[in-house]
Amino acid sequence: MNPPYECRDVVRQILETVQKGAFRLLSGSCSLEEVLTAQRWPKDHIVHVLGCTTCSRRFRLSVDTYHGSGGAWEVITSNWTPEAQ
């Protein structure tokens with residue numbers, strides 16, 4: 001994800017899956033809604049962790065908004081917990 005519209009499009013899709021109950025938000029550096037509605041990025045580095053409600057697999061969405069170096073949507077393979085972040 002490089003341009004802001006790509007990040008916001010991914011966040012919009014993730015919000016839809018949360019609303020449908022396929023994912024649940026486990027943690028985030030700001031609200032997903034704030035990413036969509038804010039005039040400026042809410043933080044320099046935005047990270048959200050979501051869990052699949054079917055298989056319990058966890059996913060991380062991270063974006064470096066300060067440097068504009070893109071972002072990643074990845075499966076978390078470690079024993080990550082929200083408290084460890």
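Structure first, text after, so check above.
Residues numbered from 1 in each chain as written. Predicted model: local features only at pLDDT ≥ 70, side-chain atom pairs only at ≥ 80, totals over all residues. Heavy atoms only, no water.

**A few points about unusual backbone geometry**
Stated precisely, the cut-off is as follows: Each helix is a run of H or I in the DSSP string that is no shorter than four residues. Each strand is a run of E no shorter than two, and both are numbered from the N terminus. Think of it in three bands: with a 1.4 Å probe and only protein chains considered, a residue is buried below 20% of the maximum accessible area for its type, exposed above 50%, and partly exposed in between.
Of note, the phi angle at S56 is positive, near 70°, even though the residue is not glycine. On the secondary structure map, S56 appears in the loop between strand 2 (45-52) and strand 3 (58-64). With a relative accessible area of 57%, S56 lands in the exposed category.

**Some words on the nonpolar core**
What counts is decided by this rule: Residue types Ala, Val, Leu, Ile, Met, Phe, Trp, Tyr and Cys, when buried and joined through side-chain atoms within 4.5 Å, form a set referred to as a nonpolar core.
Ranked by size, the top nonpolar core spans 14 residues in total, and within it C7, V11, I14, F23, L32 and V35 carry the most contacts. Going through the elements one at a time, helix 1 (4-20), helix 2 (32-37), strand 2 and strand 3 are the ones with two or more residues in this core.

**Notes on the environment of K43**
Filter applied, for reference: Any two residues having at least one pair of non-hydrogen atoms within 4.5 Å are treated as being in contact.
With respect to the secondary-structure elements, K43 resides in the loop between helix 2 and strand 2. In this structure, the C-alpha to C-alpha distance between K43 and V63, residues 20 residues apart in sequence, is 9.6 Å. Not counting residues within four places of it along the chain, the set of residues in contact with K43 comprises S29 and T65.

**Notes on helix 1**
Keep this limit in mind: A helix is expected to reach a length of 1.5 Å times the quantity of its residues less one.
With 17 residues, helix 1 should reach 24 Å at 1.5 Å per residue; the first-to-last C-alpha distance of 24 Å fits that figure. Residues of helix 1 that are buried sit in contact with helix 2, strand 2, strand 3 and strand 4 (71-75). Downstream of helix 1 by a residue or two, G21 has a phi angle that is positive, lying close to 90°.

**Quick word on the sheet that holds strand 3**
Defined as follows: Strand pairing is assigned whenever DSSP detects at least two bridges linking the two strands. Axes, fitted as lines to C-alpha atoms, cover a helix only where it is in contact. Angles between the N-to-C directions of the axes lie from 0 to 180 degrees.
Spatial strand order, 1-2-3-4: four strands in an open sheet with antiparallel pairing. The open sheet terminates on both sides in strands that have one partner only, identified here as strand 1 (23-28) and strand 4. On average, adjacent strands in this sheet sit at an angle of 20° to one another, irrespective of strand direction. Contacts between helix 1 and the sheet are confined to strand 1, strand 2, strand 3 and strand 4, with strand 3 contributing the most and set at about 155° to the helix.

**Details of empty space enclosed by the protein**
Put simply, the test is: Cavity: a set of points on a 1 Å grid over the protein atoms alone where a 1.4 Å probe fits but cannot get out. Pocket: an open set with protein on both sides within 12 Å along at least five of seven lines, its lining residues, like those of a cavity, having an atom within 4 Å of a point. Grid points are joined across faces, edges and corners, and a volume is the space filled by probe spheres set on the points. All residues other than Ala, Val, Leu, Ile, Met, Phe, Trp, Tyr, Cys, Pro, Asp, Glu, Lys and Arg, Gly among them, are scored as polar; the first ten of these are nonpolar and the last four charged.
Taken as a whole and assessed by the stated rule, the structure comprises one cavity of 30 Å³ or more. Here the largest cavity is characterised by a volume of approximately 30 Å³. C7, V11, V35, I46, H48, L61 and V63 together form the lining of the largest cavity. Looking at the lining of the largest cavity, the elements that each hand over two or more residues are helix 1, strand 2 and strand 3. In terms of residue class, the lining of the largest cavity is made up of six nonpolar, one polar and no charged.

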